[in-house]
Amino acid sequence: MRKKTEQKSTTKRSVKSTAKKAAPVKKATVPAEKAEPVKEAAVPAEKAEPVKEAAVPAEKAEPVKEAAVPAEKAVPVKQAAVVTEAPVVQPDLGPRRSVAFIGSECYPFVKTGGLGDVMYALPKALAKLNLDVKVILPRYKCIPQKFQEKMEYRGSFYMNLCSDGKQYYVGIMEYQEDGVVYDFIDNDEFFSWGNPYTNLIDDIPKFCYFAKASLAALNYLDWTPDVVHCHDWQAALVPLYLRTCFQDTNVGRAIAVLTIHNLKFQGIYDRKMIQYWSGLPDYVFNKDCMIQNWLDANMLKGGIAYSNKVTTVSNTYAWEIQTEEYGEGLAAHLRYHSNKILGIVNGIDTDIWNPATDKLLASDYDDKSVIEKKKANKKALQESLGLDVDDHKMVIGLISRLTNQKGLDLVNAVIPGIMDEHTQVVVLGTGDAWYEDTFRYYENKYKGSFCAYIAYNENVAHNIYAGCDALLVPSRFEPCGLTQLIAMRYGSVPIVRETGGLKDTVWPYNMFDNTGNGFTFDRYESGLLYDAINRAKTLYFEHRECWDNMVVRDMEKDVSWEKSAKQYKDMYVELTPRS
Ligand code: ADP
Ligand code: GLC
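Everything quoted here is computed from the prediction, not taken from an experiment. (Residues numbered from 1 in each chain as written. Chains lettered and ligands numbered in written order. Predicted model: local features only at pLDDT ≥ 70, side-chain atom pairs only at ≥ 80, totals over all residues. Heavy atoms only, no water.)

**Regarding the site of ligand 2**
And then number 1: In the vicinity of ligand 2 lie 15 residues, with H261, N346, E478, C480 and G481 positioned nearest.
And then number 2: N262 places a polar side-chain atom, nitrogen or oxygen, 3.4 Å from an oxygen atom of ligand 2.
And then number 3: Here an oxygen atom of ligand 2 and a backbone polar atom of C480 are 3.0 Å apart.
And then number 4: Protein contact buries 97% of the 310 Å² of open area that ligand 2 shows by itself.
And then number 5: The leading source of residues in the shell around ligand 2 is helix α1 (residues 114-128), at three residues.
And then number 6: Per-class residue counts for the shell around ligand 2 are six nonpolar, six polar and three charged. (Near = heavy atom within 4 Å. Polar contact = N/O pair within 3.5 Å; in protein donor to acceptor, adjacent residues only side chain to side chain. Areas by Shrake-Rupley, 256 points an atom, 1.4 Å probe, with all protein chains shown as cover. Helix = DSSP H or I, 4+ residues; strand = E, 2+ residues; numbered from the N terminus. Nonpolar A, V, L, I, M, F, W, Y, C, P; charged D, E, K, R; others polar.)

Below you can see the structure in the form of structure tokens.
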């Protein structure tokens, strides 16, 4: 693995290659100059070009149905239906329900952050609990060819969108793995360029289309789930469509669950634009549902109002978002709906994140061999990133989107204080130019001790989790956070701020009885982060045995989806009682 500084991303969240492959390290971020020109999406209906035919293998292509069928009434085409074998029912796994996950990203097809991890790992865990799970995703162009090739054409139809009933092509491409069925919504006009997220002018029409097309596709496939589970603002119109245009159709019988992964992003734009593109009835554009500040519409706000249940990804965040400090302008709305809010903490996929089998590591290890084997991983990391190779140095890692959320101004403030001849720091991330440049500056200033790996790179991430001693997550807010969970799984001690899921998953070290999983601080102040890092360093350098015990404790901690997937299942069952 060689160190490489890569092209910075120009968008809020850049698309990442998620293919899990052994070295060599590949460039994953889409270079800005290669990004295709952003197409104008808000085309007036009367100027709309005829919808292009999707790239369907000729021998499998079904005749596309005539345009005049309203989307919500799209009838299944019998010959297109590929029968999916239902997994064998295991009686001891409790009641069976069917759930359609709808979201904008999912590992390993496309991932920009933790949402992608959850959209992959949670359905997989639910399938093991006897649930019938389908995941509906956009078929972005950037999905690696090896997955595109394995997708099967399931049919296509035209759907009306927009308040003037403009017709859009909807193709359905299917892929199956680990008991989970993935249906990709195909439309060249909306999903034709690399990055899943571009800017709101393009993203709002795209995700209005996606939300409606997902439900139309379920009707078309004649697959009526008990629960439609949508994720973040990109799928937040699903509950509104379900209770309006689709109310009298099969899918209209489903219960709607909305999970908020990050309240910061809500899909807010000019009311007229959202009203036009969504084609939703006028009555949902009122101040208790879609409308915000008179002139804007807020897709997440509407989704919260129309869902049967709203979940967030940790208990603490479920409470925090109802306060003005963390509520991102929706605190009062959330408090009004508080009786349907539930926090369920995320887990991680312990097959993908398993140091005992991880092919990307210099040396695999478990909780018995971690203390010894971490040395080989640390050495490999130092060598590959151009750091001084020295087993005695404490290596502190940071793997993150480089945005305001992640507490990077605190990190910036403490770097000069923590850099000494015994300490090395490795930063892996992309995002805001200011943070990228700051970390590059430190790399230059502390040569051999500081590494700024400005890129999105799964391979490097695995090696940092395994090769570092501690991992920083000092977030300003953190709905759940997965990096601290992965760090613990890899025997790296997390240093976190006590907020959201960080508070719920990392127990502070207690020096009197030698318990806890990491080092924590509460208020958002650089002095407190500095103090937490120094407490970690003191234990590492002066009481190594206690440190090593914590490393082993962290590896033994259950960070899997097992418990939380059961909680989701209980919630689904409770929402869909059988008489
Ligand atoms: P968020 O979703 O807010 O970005 P999470 O902690 O929930 O934060 O999830 C981040 C996920 O993205 C983790 O799987 C982490 O390993 C991964 N990740 C973040 N930045 C990078 C990067 N630069 N390279 C590789 N993986 C990254
Ligand atoms: C969001 C949050 C992160 C969470 C992830 C998955 O991106 O920022 O805290 O872990 O979603 O739920």
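**Here we look at the confidence of the model for the protein chain**
And then number 1: Summarising the model, the protein chain shows a mean pLDDT of 88, and 84% of its residues fall at 70 or more.
And then number 2: Within the model, the stretch residues 1-69 combines pLDDT values under 50 with 162 contacts to residues more than four positions away or in other chains.
And then number 3: Across residues 75-83 the pLDDT falls below 50, and counting only partners more than four positions away or on other chains, this stretch makes 16 contacts in the model. (pLDDT = per-residue confidence, 0-100. Contact = heavy atoms within 4.5 Å.)

**Some thoughts on the environment of K445**
And then number 1: For K445, the position within the fold is in helix α12 (residues 433-445).
And then number 2: Sequence-wise, K445 and P416 are 29 residues apart; in three dimensions their C-alpha atoms are separated by 9.8 Å.

**Re the sheet that holds strand β8 (residues 268-270)**
Remark on secondary structure: sheet strands pair via backbone hydrogen bonds, oriented parallel or antiparallel.
And then number 1: Ordered by their spatial adjacency, three strands build an open sheet running β8-β10-β9, and the pairing between neighbours is antiparallel. The open sheet has two free edges, formed respectively by β8 and β9 (291-292), since each of these has just one partner strand.
And then number 2: In this structure, β9 lies alongside strand β10 (residues 296-298), joined through two bridges in antiparallel fashion. What sits directly across from Q292, in β10, is D296.
And then number 3: Along the sheet, helix α6 (residues 271-278) contacts β8, β9 and β10; its crossing angle with β8, the most-contacted strand, is approximately 95 degrees. (Pairing = 2+ DSSP bridges. Axes fitted to C-alpha atoms, helices over the stretch in contact; angles between N-to-C directions.)

**Examining the sheet that holds strand β14 (residues 423-431)**
And then number 1: Strand order in the open sheet formed by six strands is β15-β14-β13-β16-β17-β18, and the pairing between neighbours is parallel. Unpaired on one side and paired on the other, β15 (450-453) and β18 (519-521) mark the two borders of the sheet. Averaged over all pairs of adjacent strands, the angle between their axes in this sheet comes to 15 degrees, without regard to strand direction.
And then number 2: Across nine bridges, the pairing between strand β13 (residues 394-402) and β14 is parallel. Within β14, the position partnered with M394 by the bridge is T423.
And then number 3: In this fold helix α17 (residues 544-556) packs onto β13, β16 (470-473), β17 (493-497) and β18, with an angle of close to 85 degrees to the strand it touches most, β17.

**Here we look at unusual backbone geometry**
And then number 1: P108 follows Y107 through a cis peptide bond whose omega is 0 degrees.
And then number 2: Mapped onto the elements of the fold, P108 is located in the loop between β1 (98-102) and α1.
And then number 3: Look at D222: it is not a glycine, yet its phi comes out positive at around 60 degrees.

**Quick look at the site of ligand 1**
And then number 1: If you check the shell around ligand 1, you find 22 residues, and the closest are G114, R401, K406, Y465 and L482.
And then number 2: At 3.4 Å from an oxygen atom of ligand 1 is found a main-chain nitrogen or oxygen belonging to T483.
And then number 3: The protein chains hide 94% of the 570 Å² of surface that ligand 1 would expose on its own.
And then number 4: Taken atom by atom, the bulk of ligand 1 overlaps the largest cavity.
And then number 5: Put simply, the parts of the chain that give the shell around ligand 1 at least two residues each are α1, β13, β14, α13 (458-467) and α14 (483-489). (1 Å grid on protein atoms, 1.4 Å probe; cavity = no way out; pocket = protein on both sides within 12 Å on 5 of 7 lines; lining within 4 Å. Sits in = over half its atoms within 2 Å of the grid points.)

**Concerning the pairing of β16**
And then number 1: The two faces of β16 match: A470 and L472 on one face and L471 and V473 on the other face are all buried.
And then number 2: Where β16 lies against β17, four bridges are found, and the strand directions are parallel. Note on β17: the bridge partner recorded for L471 is P494.
And then number 3: Following the chain from β16 across α14 to the adjacent parallel β17, one finds a crossover that is right-handed. (Buried < 20%, exposed > 50% of the residue type's maximum accessible area, 1.4 Å probe, protein only. Right-handed = clockwise from strand over helix to strand, strands pointing away.)

**Description of the nonpolar core**
Nonpolar side chains tend toward joint burial in soluble globular proteins.
And then number 1: Counting 181 residues, the largest nonpolar core has Y182, Y209, L215, M290, F439, F450 and W547 as the members making the most contacts within it.
And then number 2: In terms of residue count, helix α4 (residues 200-220) provides more of this core than any other element does, 12 residues in total.
And then number 3: If sequence neighbours within four positions are ignored, L215 has contacts with I102, V228, V238, Y241, L242, F246 and V251. (Core = buried A, V, L, I, M, F, W, Y, C linked by side-chain atoms within 4.5 Å.)

**Remarks on the pattern of salt bridges**
Here the idea is simple: oppositely charged side chains can pair when their charged atoms come close.
And then number 1: This structure, assessed with the given rule, holds 25 salt bridges.
And then number 2: R139 is the salt-bridge partner of D186, the closest N and O atoms lying 3.2 Å from each other. Here D186, found in strand β5 (residues 180-186), pairs with R139, found in the loop between β2 (132-138) and α2 (145-148); they are 47 residues apart in sequence, far enough to count as distant. Each member of the pair D186 and R139 is classed as buried.
And then number 3: Residues joined by salt bridges that share partners form a network here, namely K134, R154, E174 and D183. (Salt bridge = Lys/Arg side-chain N within 4 Å of Asp/Glu carboxyl O.)

**Thoughts on the pairing of strand β11 (residues 309-312)**
And then number 1: Neither face of β11 is exposed, since K309 and T311 on one face and V310 and T312 on the opposite face are all buried.
And then number 2: Note: strand β7 (residues 255-260) against β11, four bridges, orientation parallel. Residue I260 lies in a different strand from β11, and its bridge partner there is T312.
And then number 3: As defined by bridge partners, β11 adjoins strand β12 (residues 341-343) across three bridges and the pair is classed as parallel.

**Re the packing of aromatic side chains**
What describes a pair of aromatic rings is the distance from one ring centre to the other and the angle between the planes of the rings.
And then number 1: Under the counting rule described, the total for this entry stands at 36 aromatic pairs.
And then number 2: An angle of 75 degrees between the planes, with centres 5.8 Å apart, marks the rings of Y140 and F191 as edge-to-face. Taken as a pair, Y140 in the loop between β2 and α2 and F191 in helix α3 (residues 188-191) lie far apart in primary sequence, 51 residues in all. Across this residue pair, the class does not change: Y140 and F191 are buried.
And then number 3: Here F519 and W547 contribute two aromatic rings whose centre-to-centre distance is 6.3 Å and whose plane-to-plane angle is 15 degrees, an arrangement assigned as stacked. In this pair, F519 sits in strand β18 while W547 sits in helix α17, placing the two residues 28 residues apart along the sequence. Both residues of the pair, F519 and W547, belong to the buried class.
And then number 4: Taken together through their ring pairs, the aromatic side chains of Y140, Y168, F190, F191, Y197, F207, Y209, F210, W233, Y276 and W277 make up a single cluster. (Phe/Tyr/Trp six-rings, centres within 6.5 Å; stacked < 30°, edge-to-face > 60°.)

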